[in-house]
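As a plain string of letters, each chain reads:
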Amino acid sequence: MCFSATDPTGGAGMQADLMTLSALGCHPLGVVTAVTVQDTTGVEEIVPMDDDLVVDQARVLLSDVPVAAFKIGVMGSVENIAAIAEIISDYPHLPVVFDPVLSSGRGDELADEEMVIALQELLLPLTTVLTPNSLEARRLAQFGDDEDEDGDDESDNRQDPLALDECARLLIAAGCGHVLLTGTHESTLRVSNVLYGHGGVIRRDEWDRLPGSYHGSGCTLASALAAWLAQGLDVGAAVQAAQEYTWRTLVNGFRPGMGQYLPDRFFWTRNSNMDADDGSDD
């Protein structure tokens, strides 16, 4: 079951979730949390669903269809965050993959400070695997830490961003079971994705950095991870399989409009070469 905002481009959001889960052999159930006005260059408007409507969508489905995993993306409002947290807390045996989309690829804000606090307090403790990029990880881990105990703003004195290992440690301390921290936004030659657990680093994978900018890569990765967890893989194996699938969708990505490239979730239907180098050192 996916809790997602719509994306009329088909690049991210609900449409990306449905395509990815279908491509990997799952039957996706979609609960719409918000409707967006956007194209491949960015988000123009986001209209949250009423939280009662979000609850009704989910409860009706859950009373009818067995669910094997939850995937959470953009929620649109604090009220929706609280509603979704209440719903998934009733199913503690199911894995929860949470992609904390705080802004669009262009930088359009999708979560204000109040929403970030709600994410920290209500959803992180229910999350099996959190899948932030480095910008999202730093924001989630540092939020509320800009003032000292006397209320003095110390942000001007902070020289360096919080180390990613420390971000992961803080997010797990906040209640996450695992953190898959993606390195796309870091200035490294190759993209390094690191899976953390309560004992530290579980696995580290490196991938060739592809040219261009992609819309929906994070949604694809999180949905693929949810698909593999739903099919019974453990977290480490699911993370590996989800990365391999996502990388292939990006290698085969396409640019339908004037903005970012989109991942091709059904690349094998247009590309008979299934033996392309997967880019992984692992």
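Each remark here, short or long, concerns the structure printed above.
Residues numbered from 1 in each chain as written. Predicted model: local features only at pLDDT ≥ 70, side-chain atom pairs only at ≥ 80, totals over all residues. Heavy atoms only, no water.

1. Describing the overall build of the protein
Note the cut-off: Segments assigned H or I by DSSP are reported as helices when at least four residues long, segments assigned E as strands when at least two residues long, and all are numbered from the N terminus. For each residue, the accessible area found with a 1.4 Å probe, counting protein chains only, is set against the maximum for its type, and the residue is called buried under 20%, exposed over 50%, and partly exposed in between. The criterion used for residue contact is that any of the two residues' heavy atoms lie within 4.5 Å. The protein chains shown are the only cover counted for residues, whose accessible areas, like all others here, come from Shrake-Rupley with a 1.4 Å probe.
Tallying secondary structure elements over the protein gives eight helices and nine strands in all. Taking all 282 residues of the protein together, the buried fraction comes to 49%. Considering only contacts within the protein whose residues lie at least 6 apart along the sequence, 67% involve residues at least 24 apart. As presented, the protein carries roughly 13000 Å² of accessible surface, and 50% of it is formed by carbon and sulfur atoms.

2. Let's talk about the nonpolar core
Spelled out, the test is: Put simply, a nonpolar core is a bunch of buried Ala, Val, Leu, Ile, Met, Phe, Trp, Tyr and Cys residues held in one set by side-chain atoms that sit within 4.5 Å of each other.
Membership of the largest hydrophobic core comes to 42 residues, with the highest contact counts inside it found for Met1, Phe3, Phe70, Ile72 and Leu123. Look past the residues within four positions of Leu123 in its chain and what remains in contact with it is Ile72, Met75, Ile81, Ala85, Ile88, Phe98 and Ala118. Among the nonpolar cores identified, the runner-up in size contains 23 residues, and Met14, Ala238, Ala242 and Tyr245 belong to it.

3. So, helix H8 (residues 235-251)
Note the following rule: Here, expected helix span is obtained from the residue count minus one, scaled by 1.5 Å.
The first and last C-alpha atoms of H8 sit 24 Å apart over 17 residues, in line with the 24 Å expected at 1.5 Å per residue. Among all positions of H8, only Val235, Ala238, Val239, Ala241, Ala242, Gln243, Tyr245, Thr246, Trp247, Thr249 and Leu250 are buried. Where H8 is buried, its residues meet helix H1 (13-23), strand E6 (129-130), strand E7 (178-181), strand E8 (190-197), strand E9 (200-208) and helix H7 (217-230).

4. Quick look at the side chain of Asn80
How we decide: By the criterion applied in these results, polar contacts are pairs of N or O atoms within 3.5 Å in which, for protein atoms, one can donate a hydrogen and the other can accept it, and in which residues neighboring in sequence qualify only through two side-chain atoms.
Topologically, Asn80 is positioned in helix H3 (residues 78-88). Taking the relative accessible area as the measure of exposure, Asn80 reaches 0% and is therefore buried. A polar contact is formed between the side chain of Asn80 and the backbone nitrogen of Asp51, at a distance of 3.4 Å. Each residue touching Asn80, except ones within four places of it in the same chain, is listed here: Thr33, Pro48, Met49, Asp50, Asp51, Val54 and Met75.

5. Side note on the packing of aromatic side chains
Worth spelling out the cut-off: Stacked, edge-to-face and tilted labels apply to pairs of Phe, Tyr and Trp rings (six-membered ring for Trp) whose centres lie within 6.5 Å, assigned for plane angles under 30 degrees, over 60, and everything in between, in that order.
Applying the stated rule across the entire model yields seven aromatic pairs. Aromatic ring contacts, followed pair by pair, group Tyr245, Phe266, Phe267 and Trp268 into a single cluster.

6. Overview of the sheet that holds strand E3 (residues 42-48)
Which entries qualify depends on this criterion: By this definition, two strands are paired if DSSP reports at least two bridges between them.
Sheet architecture is open: nine strands sit in the order E3-E2-E1-E4-E5-E6-E7-E8-E9, paired in mixed fashion. At either end of the open sheet lies a strand with only one pairing partner, and these are E3 and E9. Examined bridge by bridge, strand E1 (residues 2-5) and strand E2 (residues 30-39) share four bridges and lie parallel to one another. Directly across from Phe3, in E2, lies its bridge partner Val31.

7. Topic: the packing of H1 against H7
Going by this rule: Lines fitted to the C-alpha atoms define the axes, with helices restricted to the stretch that makes contact. Angles between their N-to-C directions range from 0 to 180 degrees. For classification, angles of less than 35 degrees are called roughly parallel, those exceeding 145 degrees roughly antiparallel, those between 65 and 115 degrees roughly perpendicular, and all remaining angles oblique. Crossings are assigned a handedness: left-handed for a near helix turned anticlockwise from the far helix by less than a right angle, right-handed for a clockwise turn. Throughout this entry, Asp, Glu, Lys and Arg are counted as charged residues, while Ala, Val, Leu, Ile, Met, Phe, Trp, Tyr, Cys and Pro are counted as nonpolar. The remaining residues, Gly among them, count as polar.
For the pair H1 and H7, interaxial distance at closest approach is 9 Å and the crossing angle is 40°. Classified by the interaxial angle, the pair formed by H1 and H7 is oblique. Crossing geometry of H1 relative to H7 is assigned as right-handed. Where H1 abuts H7, its residues Gly13, Ala16, Asp17, Thr20 and Leu21 lie against Cys219, Thr220, Ser223, Ala224 and Ala227. Classifying every residue of the contact of H1 with H7 by side-chain character gives five nonpolar, four polar and one charged.

8. Considerations on a negative patch on the surface
To be explicit about the condition: Nonpolar side chains (Val, Leu, Ile, Met, Phe, Trp, Tyr) are joined into patches within 5 Å and like charges within 9 Å, using only residues with over 30% relative accessible area and no salt bridge. We define a salt bridge as a side-chain nitrogen of Lys or Arg found within 4 Å of a carboxyl oxygen belonging to Asp or Glu. Here Asp and Glu are counted as negative and Lys and Arg as positive; His is not counted, and neither are the chain ends. A charge is said to be at NZ when it belongs to Lys, at CZ for Arg, at CG for Asp and at CD for Glu.
Negative charge collects at one region of the surface, where Asp50, Asp52, Asp56, Glu79, Asp112, Glu113 and Glu114 lie side by side. Elements with a minimum of two residues in the negative patch: helix H2 (51-62) and helix H4 (113-123). One can find Glu113 in helix H4. According to the relative accessible area criterion, Glu113 is exposed, its value standing at 54%.

9. Quick look at the environment of Ala224
Among the secondary structure elements, Ala224 is positioned in helix H7. Residues Ala224 and Ala23, spaced 201 residues apart in sequence, show a C-alpha to C-alpha distance of 9.0 Å.

10. Describing the state of the cysteines
Applicable threshold: To count as a disulfide, a pair of cysteine sulfur atoms needs to be within 2.5 Å.
Evaluation of the coordinates by the stated rule reveals zero disulfides. Cysteine Cys26 shares no disulfide, and the gap to the nearest cysteine sulfur, in Cys2, comes to 9.3 Å. Judged by its relative accessible area of 18%, Cys26 is buried.

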